[in-house]
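Each chain, written out:
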Amino acid sequence: MSEEKSLNFLEEIIEDDIRNGKNNGRVLTRFPPEPNGYLHIGHAKSICLNFGIAAKYNGKTNLRFDDTNPTTEDVEYVESIKKDIQWLGFKWDKELYSSDYFEQLYDFAVQLIKQGLAYVEDSTAEEIATAKGSPTEPGTPTPSRSRSIDENLLLFGEMKEGKHPEGALVLRAKVDLASPIMHLRDPLMYRIKHAQHHRTGNQWCIYPMYDFAHGQSDSIEEITHSICTLEFVPHRPLYEWFIQKLSIFPSKQYEFARLNMNYTVMSKRKLLQLVNEKYVSGWDDPRMPTISGLRRRGYTPLSIRNFSERIGIARRENLIDLSLLEFCIREDLNKSAWRRMVVLDPLKLIINNYPAGKTELMEGENNPELEDGDGFRQIPFSSELWIERDDFMEEPSKKYFRLGPGLMVRLKHAYIIRCDSFLKDESGNVTEIHCTYIPESRSGTDTSGINVKGTIHWVCAIAAETAEIRLYDRLFKVEDPSNEAGDFKEYINPNSLTVINKAFIEPDLMNAELEKGYQFIRKGYFSLDSDSTPGKPIFNRTVTLKDAWAKESQKS
RNA sequence: UGCCCGAUAGUAUAAUGGUAGUACGACUGUUUUUGGUGCAGUUUGUCUAGGUUCGAAUCCUGGUCGGGCAACCA
């Protein structure tokens, strides 16, 4: 029937597991964000993967907040993360928190101490680091390593009870200080933090490290396939070590390459800097690669899901072209966005032979891609119009299909006109152009027999409303700002935002709705910004249309 | 210089020992009342040197290149 689509390597693993009856064919994944920032397009890839792959194999996905570091986390982030996942169109099975397991994790730690596999360390962070050795030299034991089990139990209990200041003691796993895998050189399991946790408050003053929380949480939930990004590959031996020593459910970790995209940054640390240092207006600034930023910019959930599908899943490092994301949103919006006419850079056009004061209503389909145009709207027309300044050239080149002295164009949804003359101000700028219209050329009932090459958009000067338009360009001037010398912020594109205070919009756009895409004909896709107030719409440009003319004219 | 990943067109991603394909990009033509869309087509690739094999992108060995690992972050 349908074309067999090739599987990515994770799907192959899962199909293999199902064939072999592993976990009785059960598939349970999890999406485990730390609530210390907003989700970005890279997380969207992971969300689509985790939720998508589970759904494909009749499994489920838990949402688990990996909240083991109270000093960086906040409920604001928890709420934004939940909203973004739902907006993308996914439903989690259980909403869970690593902090739900603090008691259980503590018991696990006690168990390991009793097994002689964990000890309380009293060296400083620097001393610990030094004693770990280097990749080419083995580490050396600290005096704490030989502490008795009873003393370890006593001290760990004291840590929990808050008898020690931050930094005084940590709990370490006793693995192998000579391991060629640095991660196995007695990693930290617990540290003291006298901090307020966003869920457990002051109940705890010791917090498990990632390595002692993540795998165990997976295991407690009986996650079958714990999918994470490549930077966790070195953690896998430890992940397995803890599970084995604790004799708990053997969740398995698999890694794929995280998404990198050119002309932006994708680390929460850097995104946080952009927000805190006011390079952008917030996490949802339309220039941000965050899901909330893309939403505000006008991206649709479908476009992001399609994007995630197209970029694929592999273990190779990648740098995806922004143009692919743009293709995905154009593809979706072309099929769904209502067409409207807006003049961004206005020039007055007067039709000399059209009766002054007369108005007509022209009819325009909402979307020519859809059946019956997806309905129609009325567009007022009169003898005075606004057209785009770059749709007129005083001395047009050969390939220019628009207006110039003596040239004819079609006014979209209206008449064919011919340019007769134009006016200039004292500094040489064109201020007004005068035309003649062909009465029998009206759209739909054209009997003029005239063919013109160009069609331009316009807005009736009498009926026009106005709006603020925000145009966005890539946030960075270079493809990979993190890879450049110096601070990545030096490479921010100073022209990433252009504000047009007063654009002329056709009246129907006063009814524009949030999170609905509009195509401003010949200009791009736009959506209403949440800063809009009644009677004062603000539009964000989601993405331009492909513009073959811009390329053509750049050549010369 | 210890350990671990990885390497297929500009960018991604398939081919699971048997014709190197697909998408985006680029380019050409065509349609079009959006220089948009659609349609048709062109272009460019298996890191390298050996080996195994009738046959290698795929398996083996060496090399090269790229990335990661020594946070009281996740």
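Scroll up for the structure.
It should be emphasised that the depicted structure is a prediction, and the values quoted were computed from it without experimental measurement. (Residues numbered from 1 in each chain as written. Chains lettered and ligands numbered in written order. Predicted model: local features only at pLDDT ≥ 70, side-chain atom pairs only at ≥ 80, totals over all residues. Heavy atoms only, no water.)

Asks: Can you lay out the sheet that holds strand S22 (residues 497–505) for me, pointing to particular residues and giving the numbers?
Replies: The sheet built from 7 strands is open, its strands ordered S10-S23-S24-S25-S21-S22-S11 with mixed pairing. Pairing within the sheet leaves two strands with one partner each, and these edge strands are strand S10 (338–340) and strand S11 (342–343). With 7 bridges connecting them, strand S21 (residues 465–472) and S22 associate as antiparallel partners. Its bridge partner being in S22, Ile469 is matched across the sheet by Ile500. Running over the sheet, helix H12 (residues 322–336) touches S10, strand S23 (517–520), strand S24 (524–528) and strand S25 (538–543) and is turned about 120° from S25. (Pairing = 2+ DSSP bridges. Helix = DSSP H or I, 4+ residues; strand = E, 2+ residues; numbered from the N terminus. Contact = heavy atoms within 4.5 Å. Axes fitted to C-alpha atoms, helices over the stretch in contact; angles between N-to-C directions.)

Asks: An account of the packing of aromatic side chains is needed here, citing residue identities and associated values.
Replies: Per the counting criterion, the structure on display carries 26 aromatic pairs. Ring-pair connections join several aromatic residues into one group, and the members of that group are Phe102, Tyr106, Phe156, Tyr190, Trp204, Tyr207, Phe212, Trp241 and Phe242. It is Arg295 that lies over the ring of Trp87; its NZ or CZ is 5.1 Å from the centre. Its guanidinium or amino end placed over the ring of Tyr263, Arg474 lies 3.7 Å from that ring's centre, counting from NZ or CZ. (Phe/Tyr/Trp six-rings, centres within 6.5 Å; stacked < 30°, edge-to-face > 60°. Lys NZ or Arg CZ within 6 Å of the ring centre and 35° of its normal.)

Asks: Explain the pairing of strand S9 (residues 252–256) to me, using residue names and the numbers behind them.
Replies: Most of S9 sits out of view: 4 of its 5 residues are buried. With 5 bridges connecting them, strand S8 (residues 225–229) and S9 associate as parallel partners. The residue bridging Ser226 from the neighbouring strand is Gln253, located in S9. Each parallel crossover has a hand, and for S8 linked through helix H8 (residues 236–246) to S9 it is right-handed. (Buried < 20%, exposed > 50% of the residue type's maximum accessible area, 1.4 Å probe, protein only. Right-handed = clockwise from strand over helix to strand, strands pointing away.)

Asks: For the side chain of Arg145, give the residues involved together with the corresponding values.
Replies: Inspection of the secondary structure assignment puts Arg145 in the loop between helix H5 (125–131) and helix H6 (149–161). Excluding its chain neighbours within four sequence positions, the residues that come into contact with Arg145 are Tyr119, Lys174, Val175, Asp176, Leu177 and Asp186.

Asks: Which residues make up the packing of helix H4 (residues 102–114) against H8, and what values do they have?
Replies: Look at H4 against H8: their axes get within 10 Å of each other, and the N-to-C directions meet at 75°. Classed by the angle they form, the pair H4 and H8 counts as roughly perpendicular. Each of Phe108, Gln111 and Leu112 in H4 lies in contact with H8, whose residues at this interface are Phe242, Lys245 and Leu246. Residue classes in the contact of H4 with H8 are distributed as 4 nonpolar, 1 polar and 1 charged. (Parallel < 35°, antiparallel > 145°, perpendicular 65-115°, else oblique. Nonpolar A, V, L, I, M, F, W, Y, C, P; charged D, E, K, R; others polar.)

Asks: Can you break down the sheet that holds strand S6 (residues 188–192) residue by residue, with the values?
Replies: Sheet architecture is open: 4 strands sit in the order S4-S5-S6-S7, paired in antiparallel fashion. Both outer strands of the open sheet, strand S4 (118–121) and strand S7 (206–208), are each paired with one neighbouring strand and no more. The sheet shows a mean angle of 20° between the axes of neighbouring strands, taken without regard to direction. Across the sheet, H6 lies against S4, strand S5 (170–173), S6 and S7, angled at about 60° from S4, the strand it touches most.

Asks: Tell me about helix H1 (residues 9–19), and name the residues and values.
Replies: Listed as buried for H1 are Leu10, Glu11, Ile14 and Asp17. Buried residues along H1 cover an arc of 125° about the axis, so they all sit on one side. The N-cap of H1, judged by a side-chain oxygen 2.9 Å from the amide nitrogen of Leu10 a few residues on, is Asn8. Just past H1, the residue Gly21 takes up positive phi, approximately 70°. (Arc of directions from axis to C-beta. Polar contact = N/O pair within 3.5 Å; in protein donor to acceptor, adjacent residues only side chain to side chain.)

Asks: Give me the protein's contact with RNA strand B: which residues, what numbers.
Replies: Lining the immediate environment of RNA strand B, one finds 67 residues, of which Glu12, Arg316, Leu319, Ser443 and Lys551 sit closest. Taking the atoms of RNA strand B that fall within 4 Å of the protein, sugar and phosphate contribute 61% of them. Between RNA strand B and Phe401 there is a distance of 2.9 Å, counted from a base oxygen to a backbone nitrogen or oxygen. Trp549 places a main-chain nitrogen or oxygen 3.2 Å from a sugar or linking oxygen of RNA strand B. Elements represented by at least two residues in the surface near RNA strand B include exactly H5, S6, helix H11 (301–311), H12 and helix H13 (548–555). For the surface near RNA strand B, the element with the most residues is H12, which contributes 4 residues. (Near = heavy atom within 4 Å.)

Asks: Could you give an account of the pairing of strand S13 (residues 360–365), with specific residues and numbers?
Replies: Residues Glu360, Met362 and Gly364 of S13 are buried on one face, while the alternating residues Leu361, Glu363 and Glu365, pointing to the opposite face, are not. In the sheet, S13 pairs with strand S14 (residues 376–381) via 6 bridges, with the strands oriented antiparallel. Among the inter-strand pairings, Leu361 is bridged to a residue of S14, identified as Pro380.

Asks: Tell me about the packing of H11 against H12, and name the residues and values.
Replies: Running from amino to carboxyl end, H11 crosses H12 at an angle of 135°, the nearest separation of the two axes being 9 Å. On the basis of the axis angle, H11 is oblique to H12. For the pair H11 and H12, the sense of crossing is right-handed. Taken together, the residues of H12 that come into contact with H11 (itself represented by Leu302, Ser303, Asn306, Phe307, Arg310 and Ile311) are Leu324, Leu325, Phe327, Cys328, Ile329, Glu331 and Asp332. Of the residues that constitute the contact of H11 with H12, the class distribution is 8 nonpolar, 2 polar and 3 charged. (Left-handed = near helix turned anticlockwise from the far one by under 90°.)

Asks: Give a description of the pattern of salt bridges that names residues and reports values.
Replies: The final tally for this structure, using the stated rule, is 38 salt bridges. For Arg287, the salt bridge identified is with Asp285, shortest N-O distance 2.9 Å. Each member of the pair, Arg287 together with Asp285, is buried. A salt bridge links Arg522 to Asp391; the shortest N-O distance between them is 2.3 Å. Of this pair, Arg522 sits in the loop between S23 and S24 while Asp391 is found in the loop between strand S15 (384–388) and strand S16 (408–411), placing the two residues 131 residues apart along the sequence. Overall, the relative accessible area of 31% leaves Arg522 in the partly exposed class. A single network of salt bridges, built from pairs that share partners, joins Asp284, Arg296, Glu468, Arg470, Asp529 and Asp531. (Salt bridge = Lys/Arg side-chain N within 4 Å of Asp/Glu carboxyl O.)

Any functional reading would require information that these geometric values do not contain.
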